[in-house]
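Structure assessment
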Amino acid sequence: MAERRDERLGRRRLHLRLRFLAGESTGSYVTRLAARNHLPVEGMLRSMGTGPMLPVEPQYTEMYLSRYARERLANLAGHPLAEMQKRLVGLRDEFLMPSDAKDDWEWPWDARAGYIVQACSLCAAQRGTRSPAWLILPDPWHVCLRHRRWTDNSRSTQHPYIDLSSLPDVIRAQQRLNRLGKRLGPAARWVFADACSILVRSNYLEDPGRTEEWAPLATQLGEHRVRPLAQLSRLSLLTRDLAWLEVRRLSGELGRAGYREWLDRATRRHGFAFREPLKMWHSQHPPLGRGIPELFGDQPPPSSVVQRVTGHELPSCLAAAGDLSCLPWLRLPNTMERLFL
Ligand SMILES: [Zn+2]
């Protein structure tokens, strides 16, 4: 027999509010909100309904809530629900627990979508948090441009972040990806995913430890942690070149000549190893009779329309690159889930 909720609890906001951290996971936010108010997490959970009183470990997985618990959490935090859902992706409808679930929260063994990545501790400190905070992101890494730090899902306590101040190419690559992201709107994720897939197929810097540039870092941190860092620059340039074609194609402005010339240009830029995967991508992205320029406007068209024209659904905010690419070669760029369990 399920416990009963004490509905008198969780109606009013806690004494102290918490500043949001971009990309934070629900589990991390709940933990920080409790700590900020000097409450044990269990005490706060009791105000959010009923469920398992397990140790809360936001570094391992995401916490999912029922509709009831989500509303109570918004009350406790002192923000409107719409604001909470905007700031914490894990509270969006697609991640709600099923309405017939017996509990109000759960911590599944793995996040259902996305990766748990440690937040930049300087960004967290600016929001009043000393202990590690955790993000839930579609990729297993995060670049803080403000503090020039790379964090990932390694959970290493010895090297919780990688300092990028001596790696300006990585900074530039992230800035380039951010610019492309703004320009491409909803198409950004699938263009990036296709670039990831092309990169994997070309074997580019698969073993960064064998290069002079990356060997010291690979020895220190392990090849698997250094690989995405070493590849990011090339990945951003590939994304830029795919974006050139895809923006014109989706806007209905790609002419036959522009389409034809693209392949040679891109192959020359990236080198022979990329020729075959670029060719395949190119053949799958011919000019469209009628584009879908609305995609780049403020109001993207419904997913069904996008899918019909582009062959891609509007991606969910945590969809992994592996689920979005229309090319076959992608494996996850860097899987280290549960390395330390
Ligand atoms: Zn930061």
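Residues numbered from 1 in each chain as written. Predicted model: local features only at pLDDT ≥ 70, side-chain atom pairs only at ≥ 80, totals over all residues.

Taken domain by domain, the protein comprises domain 1 (26-137) and domain 2 (166-324). Using C-alpha coordinates to define each centre, domain 1 is positioned 32 Å away from domain 2. Its residues placed into classes, the side of domain 1 that touches domain 2 shows three nonpolar, one polar and one charged. (Domains from an automatic or database assignment. Nonpolar A, V, L, I, M, F, W, Y, C, P; charged D, E, K, R; others polar.)

What follows concerns the nonpolar core. Within the largest apolar cluster, 84 residues are counted, with the highest numbers of intra-cluster contacts made by Leu33, Leu73, Ala119, Val191, Ala195 and Cys196. Top contributing element to this core by residue count: helix H9 (residues 223-250), with eleven residues. (Core = buried A, V, L, I, M, F, W, Y, C linked by C-beta atoms within 7 Å. Buried ≥ 20, exposed ≤ 12 C-beta atoms within 10 Å, placed from the backbone. Helix = DSSP H or I, 4+ residues; strand = E, 2+ residues; numbered from the N terminus.)

Moving on, we get to the packing of H9 against helix H10 (residues 256-270). Helix-helix packing is characterised by the crossing angle of the two axes and by the distance between the axes. Contact geometry of H9 with H10 gives a least axis separation of 11 Å together with a crossing angle of 175°. The angle between H9 and H10 places the two elements in the roughly antiparallel class. Across the interface between the two elements, Leu238, Asp241, Leu245 and Arg248 of H9 pack against Gly258, Trp262, Ala266, Arg269 and His270 of H10. Tallied by class, the residues present in the contact of H9 with H10 amount to four nonpolar, two polar and three charged. (Axes fitted to C-alpha atoms, helices over the stretch in contact; angles between N-to-C directions. Parallel < 35°, antiparallel > 145°, perpendicular 65-115°, else oblique. Contact = placed C-beta atoms within 7 Å.)

Time to look at the environment of Leu318. Mapping Leu318 onto the fold places it in the loop between helix H12 (303-310) and helix H13 (321-324). Distance from Leu318 to Ile136, taken between C-alpha atoms, is 8.0 Å for residues 182 residues apart in sequence.

What follows covers unusual backbone geometry. Phi is positive for His38, close to 55°, though the residue is something other than glycine. Using a count of 10 C-beta atoms within 10 Å as the deciding quantity, one classes His38 as exposed. Not every positive phi belongs to a glycine, and Arg148 is a case in point at roughly 55°. Relative to the helices and strands, Arg148 is located in the loop between strand S5 (141-144) and strand S6 (149-152).

A few words now on the pairing of S5. Regular strands have side chains that alternate between both faces of the sheet. Across four bridges, the pairing between S5 and S6 is antiparallel. Bridge pairing in S6 links Val143 to Trp150. The turn joining S5 and S6, which pair antiparallel and follow one another in sequence, is formed by four residues; a positive phi near 55° is taken by Arg148. (Pairing = 2+ DSSP bridges.)

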